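One letter stands for each residue in the lines below.
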Amino acid sequence: MTELRIAIVGFGKIARDQHVGAIAAVPGAMLAAIASRNASLPGLPHFATVEELLDKGPQIDAVSLCTPPQVRRGQAAAALAAGKHVMLEKPPGIGVAELDPLIAMASEAKRTLFATWHSRHAPAVEPAREWLAARRIKSVHINWKEDVRVWHPGQAWIWEPGGLGVFDPGINALSILTRILPRPVFVIAAELAFPANCQSPIAANLTLTDIGGLPITAEFDFRQTGPQSWDILVETDEGRMTLSRGGRIMAVDGKVVADAPDEEYRELYRRFVKLAASGTSDVDLAPLRLVADAFLLGKRNIVEPFVD
């Protein structure tokens, strides 16, 4: 098998912690270069920008964009125009409509555009989807709370327009929700808490439903300290199903029925290698649409300033 030569663009915390090791562990993938203004990896060619990478870099087949979402559209367009396959970290962009031209570019060039949702590849997500498919769902509640100072230290971009704020982790929960439920869901109300000095929310409460009126609520908060909460609780006619640890553990009425090691990012790159081999794309925008609608419908509340 010819290896897919991948360059990582944007070399921050997630790229270092997740992407490098995942690429190394996936047959058919190899890390060929890094493009980042502020960081490099010993032993690999380094470039300041994706444009410099594409102009002066080694032969590559694909780029994995791990930059802040505010700049990804332009970088993806440059890579597709240069004939490269493109993998987008989540969220795939700062708006829904900006993805349409990229989808068209990828199709015309017969290149892959892969909008990733790593939490969908948590080991208990598919068992949960299969279990729920055979049962009547009564209600869903999401409790997704973490400490922004732990997971995004010093990352000012997350508080700017397009940075999503608490929806950066919250969209992970929505990506799982839209995978495990049998019918599409939509937002009907939202309350967003904006720090007085920020342009994106630090907390959010959402009310969602489906065409059948299923009650769905979600609580997102970036101010959690101590133990972190990444849980989805689903009441059914055959008991309560709980997904915890971000989709790693599934339990029914408190009894664990699925628990496996985390291989989310390895699964992403396995998928990317397969997609690139055929030049096909995978761009599901359902989670991003829910976030966009939360901003559109959300009541805005101003809370105390955030100081990192």
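Here the structure is shown first, and the text comes after it.
Every value quoted in this text rests on a predicted model; they were computed, and no experiment measured them.

Student: So what about the side chain of Lys90? Which residues, and what values?
Tutor: Within the secondary structure, Lys90 is located in the loop between strand E5 (85–88) and helix H4 (99–109). There is a polar contact of 2.5 Å between the side chain of Lys90 and the backbone oxygen of Asp168. Setting aside chain neighbours within four positions, we find Lys90 in contact with Arg72, Thr116, Trp117, His118, Asp168, Pro169, Ile171 and Asn172.

Student: Which residues make up the side chain of His19, and what values go with them?
Tutor: Structurally, the position occupied by His19 is in helix H1 (residues 13–25). In this structure the side chain of His19 is engaged in a polar contact, spanning 2.6 Å, whose partner is the side chain of Tyr269.

Student: Give a detailed account of the pattern of salt bridges, specifying residues and quantitative values.
Tutor: All told, the structure shown has 17 salt bridges when counted by the stated rule. Between Glu238 and Arg135 there is a salt bridge, with its nearest N and O atoms 3.2 Å apart. One end of the pair, Glu238, is in the loop between strand E11 (229–236) and strand E12 (239–244); the other, Arg135, is in the loop between helix H5 (125–133) and strand E7 (137–145), with 103 residues separating them in the sequence. Across the pair Glu235 and Arg240 runs a salt bridge whose closest N-O atoms are separated by 2.6 Å. Under the relative-accessibility criterion, Glu235 is labelled partly exposed at 26%. What makes Arg240 partly exposed here is its relative accessible area of 37%. Sharing partners across several salt bridges, the network here consists of Glu263, Arg266, Glu267 and Arg270.

Conventions adopted
Residues numbered from 1 in each chain as written. Predicted model: local features only at pLDDT ≥ 70, side-chain atom pairs only at ≥ 80, totals over all residues. Heavy atoms only, no water. Helix = DSSP H or I, 4+ residues; strand = E, 2+ residues; numbered from the N terminus. Polar contact = N/O pair within 3.5 Å; in protein donor to acceptor, adjacent residues only side chain to side chain. Contact = heavy atoms within 4.5 Å. Salt bridge = Lys/Arg side-chain N within 4 Å of Asp/Glu carboxyl O. Buried < 20%, exposed > 50% of the residue type's maximum accessible area, 1.4 Å probe, protein only.

The analysis is restricted to geometry; functional conclusions fall outside its scope.
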